[in-house]
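# Descriptive analysis of the structure
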Amino acid sequence: MAEPGKTKFQIDLRRYLREQGEDRNLTRVICEIAEASKYIVNSIRTGDLGVAGTSNLYGEQQLALDVLSDRIMRKRLFHSGVIANIVSEETNDIIPVSPDCEGKYSVAYDPLDGSSLVDVNLAVGTIVSIYEGCDLMQPGRNQVAALYILYGPRTTLVYSTGKGVHEFGMNQLMEYNLLRENIQVAPKGSIYSPGGQRNLYTPGTEAFVRELEEKGAKLRYSGGFVPDINQILIKGKGLFLYPHLQGAPDGKLRLLYELNPMAFLMEQAGGAASTGKRRILDLVPENIEQRAPVFIGCKEDVARAEELIAAHG
Ligand code: AHG
Ligand code: MN
Ligand code: MN
């Protein structure tokens, strides 16, 4: 329970994880990622747009923000001492950190999703998927935790270890304090985020989006996966899609470090995540770059998308 005089909602992330009885090493992984986000948000806010190849006033090679974010994440994860393997959107192979798997965790992450949006000052995020042991090529239903950090007007961290979805906000001292516990989404919603080119939608997807529009659903699409998903979780309603397209049957988003973590969070919040045909969390990854189409959000909306795709392709 909170100390006398301290309201429940001043509980910081590490303390909350401890009170939830989370494994010590998993708590270390999550807190090191929270630590990394402090350096990442600072780089975003102060970086000279992070355009690779330029040099700053000290003549240092200016790193692209996503490369810099990747280095920050890697440094903190190595520092945690409890990591077995890493996969990052910025590297092509699995990065071995320590050979023993016992008590260790493996992490797949997108250090800066939507990095191209920084130049136009839109919100971006870090997305993380966590497995116990060494194996990162497991179906997403085996994740032990998933989280994202959203670098928007405020910096927030949303995580789940399978016991609900909880949101933390970064305060002036760069500590994360609890904002919302057990976030839930309604069975159906009234906002939709249609990714990809509409003229390349297949008939089933087109019928689904048209039906949403005829029901008066409002279009909310920022081009950033993290803010677009966060809006659905915090508003408690909505559906994001980046579907199979004519000429791109697997859509755009990556399974390991974009779809699996967000699907885990959305299911924990009472929502659903599907390729349009199958549950995202049941997909067995064949390679670390694997992409999949995605319909994610309110359960009934996802089910309707699957029906129309089954009927019309
Ligand atoms: P990343 O910047 O890591 O490549 O990811 C960007 C993704 C995701 O954030 C977003 O949902 C999607 O790209 C938007 O794609 P479009 O620009 O094709 O809409
Ligand atoms: Mn990404
Ligand atoms: Mn990225």
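Everything below is about the structure printed above this text.
Below or above, wherever it landed, is the structure these notes cover. (Residues numbered from 1 in each chain as written. Chains lettered and ligands numbered in written order. Predicted model: local features only at pLDDT ≥ 70, side-chain atom pairs only at ≥ 80, totals over all residues. Heavy atoms only, no water.)

So, about the pairing of strand β8 (residues 176–180). A regular strand carries its side chains on alternate faces of the sheet. Taken together, the 4 bridges between strand β7 (residues 166–170) and β8 define a ladder with antiparallel strand orientation. Of the residues in β8, the one forming a bridge with M170 is Y176. Between the antiparallel neighbours β7 and β8 lie 5 residues, among them M174 with a positive phi of about 65 degrees. (Pairing = 2+ DSSP bridges. Helix = DSSP H or I, 4+ residues; strand = E, 2+ residues; numbered from the N terminus.)

A word on the layout of surface pockets. Of the voids in this model, the largest pocket is the one considered here, and its volume is about 270 Å³. Forming the walls of the largest pocket are 20 residues, and the residues nearest its centre are D113, G114, G223, K252 and L253. A per-element tally of the lining of the largest pocket places strand β3 (residues 105–113) first, with 3 residues. Its residues placed into classes, the lining of the largest pocket shows 6 nonpolar, 5 polar and 9 charged. Looking at which domains feed residues into the lining of the largest pocket, each of domain 1 (8–180) and domain 2 (191–312) supplies at least three. (1 Å grid on protein atoms, 1.4 Å probe; cavity = no way out; pocket = protein on both sides within 12 Å on 5 of 7 lines; lining within 4 Å. Points joined across faces, edges and corners; volume = space filled by probe spheres on them. Nonpolar A, V, L, I, M, F, W, Y, C, P; charged D, E, K, R; others polar. Domains from an automatic or database assignment.)

Attention now goes to unusual backbone geometry. Positive phi is not limited to glycine here, since N121 has a value of about 60 degrees. Topologically, N121 is positioned in the loop between β3 and β4 (124–132). With phi around 65 degrees, M174 is a residue other than glycine that occupies positive phi space. If you trace the backbone, M174 turns up in the loop between β7 and β8.

The protein atoms that coordinate the manganese ion (ligand 3) are E89 (OE), D110 (OD) and L112 (O), at distances spanning 2.0 to 2.6 Å. The sequence motif formed by the donor residues of the manganese ion (ligand 3) is E-x20-D-x1-L. Classification of E89 by relative accessible area gives buried; the value is 18%. D110 gets classed as buried once you look at its relative accessible area, which sits at 0%. (Donors = N, O, S within 2.8 Å, 3.2 Å for Na, K, Ca; no water. Buried < 20%, exposed > 50% of the residue type's maximum accessible area, 1.4 Å probe, protein only.)

Before going further, it helps to examine the site of ligand 1. Around ligand 1 sit 15 residues in total, of which E89, D113, G114, Y221 and Y242 are the nearest. At a separation of 3.1 Å, an oxygen atom of ligand 1 approaches a polar side-chain atom of D110. F225 places a main-chain nitrogen or oxygen 3.0 Å from an oxygen atom of ligand 1. Protein chains shield 77% of the accessible area of ligand 1, which is 470 Å² for the free molecule. When atom positions are compared with the pocket grids, ligand 1 is found to occupy the largest pocket. Split by residue class, the shell around ligand 1 holds 5 nonpolar, 4 polar and 6 charged. Mapping the shell around ligand 1 onto the domain boundaries places at least three of its residues in each of domain 1 (8–180) and domain 2 (191–312). (Near = heavy atom within 4 Å. Polar contact = N/O pair within 3.5 Å; in protein donor to acceptor, adjacent residues only side chain to side chain. Areas by Shrake-Rupley, 256 points an atom, 1.4 Å probe, with all protein chains shown as cover. Sits in = over half its atoms within 2 Å of the grid points.)

What the 5 strands build is an open sheet, ordered β10-β9-β11-β13-β12; its pairing is mixed. The open sheet terminates on both sides in strands that have one partner only, identified here as β10 (218–219) and β12 (272–274). Of the pairings in the sheet, the one linking strand β11 (residues 239–242) to strand β13 (residues 294–297) comprises 4 bridges and is antiparallel in character. Residue pairing in the sheet places L241 in a bridge with F295 of β13. Set on the sheet, helix α5 (residues 225–235) makes contact with β9 (191–194), β11 and β13; between it and β11 the angle comes to about 150 degrees. Of the strands in this sheet, β11, β12 and β13 touch helix α7 (residues 299–312), which is tilted by about 155 degrees from β13. (Contact = heavy atoms within 4.5 Å. Axes fitted to C-alpha atoms, helices over the stretch in contact; angles between N-to-C directions.)

Note that all results are geometric; they support no functional claim without further evidence.
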